[in-house]
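# Inside the fold
Chain residues, written in single-letter form:
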Amino acid sequence: MASGSFRNIFEPQSGRLDHNSNTGGTALIKDAFGLRTLLLMGALFQTIISLIVPARYAFVPMAIFLLHSLATTIVEIRSPTAWSKGSGANTIPYKFSAQIPNETYKPSSAGEKPIFGSTGADKGIVVLHLGIRFNHPLGILGPCAKEMGEVSKACNDRVMAHIDSSDDDFGCLGMSRWQSTDERESRNTLMTVYYFRDMDGLNRFAHDSVHRKAWDYYMKEFGTENGRRDIGVFHEAYYAPPGMWETVYMNMQPTLLGRAMAPVKNESTGKTEWVRTLVDARHKGLRSQWARMGRFVGDRYPADGYGHQKGEGRC
């Protein structure tokens, strides 16, 4: 078994990570239409500009956007500092893993009561994929799309409110949002990935009044035999018991389970703190797939044949 507990990358904090997207609606609308449609919209916009302003100035808006994008790209390519604040923001420059922290820890006795254990995947986890598909030609601008977006947002807000509360009974560790890229030119399938501590917490979320309201609305509009068919919904749930899951990331920003947080009680202060799941995977107990799953023979983990980073095994 690995000696020494896993080293957390981020220090505990008093509040959870904000899971609300900061990309705004612009990116969502852009991804909802195909390239041809976007080009036609751009051509229409340029035509309108040409009709409003003198022809010699009509190219100015396009030139400004183009020059700004070109200048930003060149600066990031040539300047590591600019890259670290732009495309590479929040990138962790080594191999790391997501693990579920202990429910309590004691800073003054970190050797006996650490934040993380020393065995990979020592706790089970539930993964929920909850999604919506806009089948209408107008995508997210189609009929009932706004209403479905509102009830979906209400479900997310409900989960986040429970995470923030001291009596959280959902046991949700976090969530992240994704769009499909492999089915259509327009990416009209949206999905939220949730992580729960157990199936009981997921079941409580499924039967919560806010989720029931969203489901009842959908069944009323789309669930009958003669109902609409231009919005679809889906969910997939998986339970991975202890020792049956593993995660690894390298040169990545925190994502998926690596972006989750768990409430942990600080025994020294008696207060609940929020701990991000990320730990340094250069620890010898996280250097291979089998190690990250907590599987070992005697005091050794089976090797997986992949090379390791310089500096691994120092923990």
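This text goes with the structure placed above it.
Residues numbered from 1 in each chain as written. Predicted model: local features only at pLDDT ≥ 70, side-chain atom pairs only at ≥ 80, totals over all residues. Heavy atoms only, no water.

## Considerations on the overall build of the protein chain
A count of helical and extended segments in the protein chain gives 8 helices and 10 strands. Each of the 315 residues in the protein chain was classed as buried or not, and the buried ones make up 38%. In the protein chain, 72% of the contacts between residues at least 6 apart in sequence involve partners at least 24 apart. For the protein chain, the accessible surface area stands at approximately 18400 Å², while carbon and sulfur atoms represent 57% of it. (Helix = DSSP H or I, 4+ residues; strand = E, 2+ residues; numbered from the N terminus. Buried < 20%, exposed > 50% of the residue type's maximum accessible area, 1.4 Å probe, protein only. Contact = heavy atoms within 4.5 Å. Areas by Shrake-Rupley, 256 points an atom, 1.4 Å probe, with all protein chains shown as cover.)

## Points about the side chain of Thr 189
Looking at the secondary structure, you find Thr 189 in strand β5 (residues 189-196). Residue classification places Thr 189 among the buried positions, given a relative accessible area of 10%. One polar contact links Thr 189 to Arg 133, side chain to side chain, over a distance of 3.4 Å. (Polar contact = N/O pair within 3.5 Å; in protein donor to acceptor, adjacent residues only side chain to side chain.)

## Details of the sheet that holds strand β4 (residues 172-179)
Reading across the sheet, the 4 strands line up as β4-β5-β3-β6 and stay open at both edges, with antiparallel pairing between neighbours. In this open sheet, the two strands that pair with only one neighbour each are β4 and β6 (231-240). Adjacent strand axes in the sheet meet at a mean angle of 15° when their direction is disregarded. Across the sheet, helix α6 (residues 199-206) lies against β3 (125-134), β5 and β6, angled at about 30° from β3, the strand it touches most. (Pairing = 2+ DSSP bridges. Axes fitted to C-alpha atoms, helices over the stretch in contact; angles between N-to-C directions.)

## Some details on α6
Taken residue by residue, α6 has Gly 201, Leu 202 and Phe 205 as its buried positions. Taken down its axis, α6 places every buried residue within 100° of arc, on the same side. A side-chain oxygen of the first residue of α6 lies 3.3 Å from the backbone nitrogen of Asp 200; this N-cap is Asp 198. (Arc of directions from axis to C-beta.)

## Describing the sheet that holds strand β10 (residues 278-280)
Across the sheet, 3 strands lie side by side as β7-β1-β10; this open sheet has antiparallel pairing. Because the sheet does not close on itself, it has two edges, and the strands there are β7 (249-252) and β10. Pairwise comparison of adjacent strand axes, ignoring direction, gives a mean angle of 50° for this sheet. Taken together, the 3 bridges between strand β1 (residues 92-98) and β10 define a ladder with antiparallel strand orientation. Of the residues in β10, the one forming a bridge with Ser 97 is Val 279.

## Some thoughts on the pattern of salt bridges
Considering all chains together, one arrives at 9 salt bridges under this definition. One salt bridge connects Asp 122 with Lys 123, and the closest N-O pair in it is separated by 3.3 Å. Judged by its relative accessible area of 34%, Asp 122 is partly exposed. With a closest N to O distance of 3.5 Å, Asp 216 and Arg 212 form a salt bridge. Placement of both Asp 216 and Arg 212 in helix α7 (residues 209-222) is noted, with a separation of 4 residues, approximately one turn of the helix. Here Asp 216 falls in the partly exposed class, since its relative accessible area comes to 42%. The structure contains a network of salt bridges with shared partners spanning Arg 7, Asp 280 and Arg 282. (Salt bridge = Lys/Arg side-chain N within 4 Å of Asp/Glu carboxyl O.)

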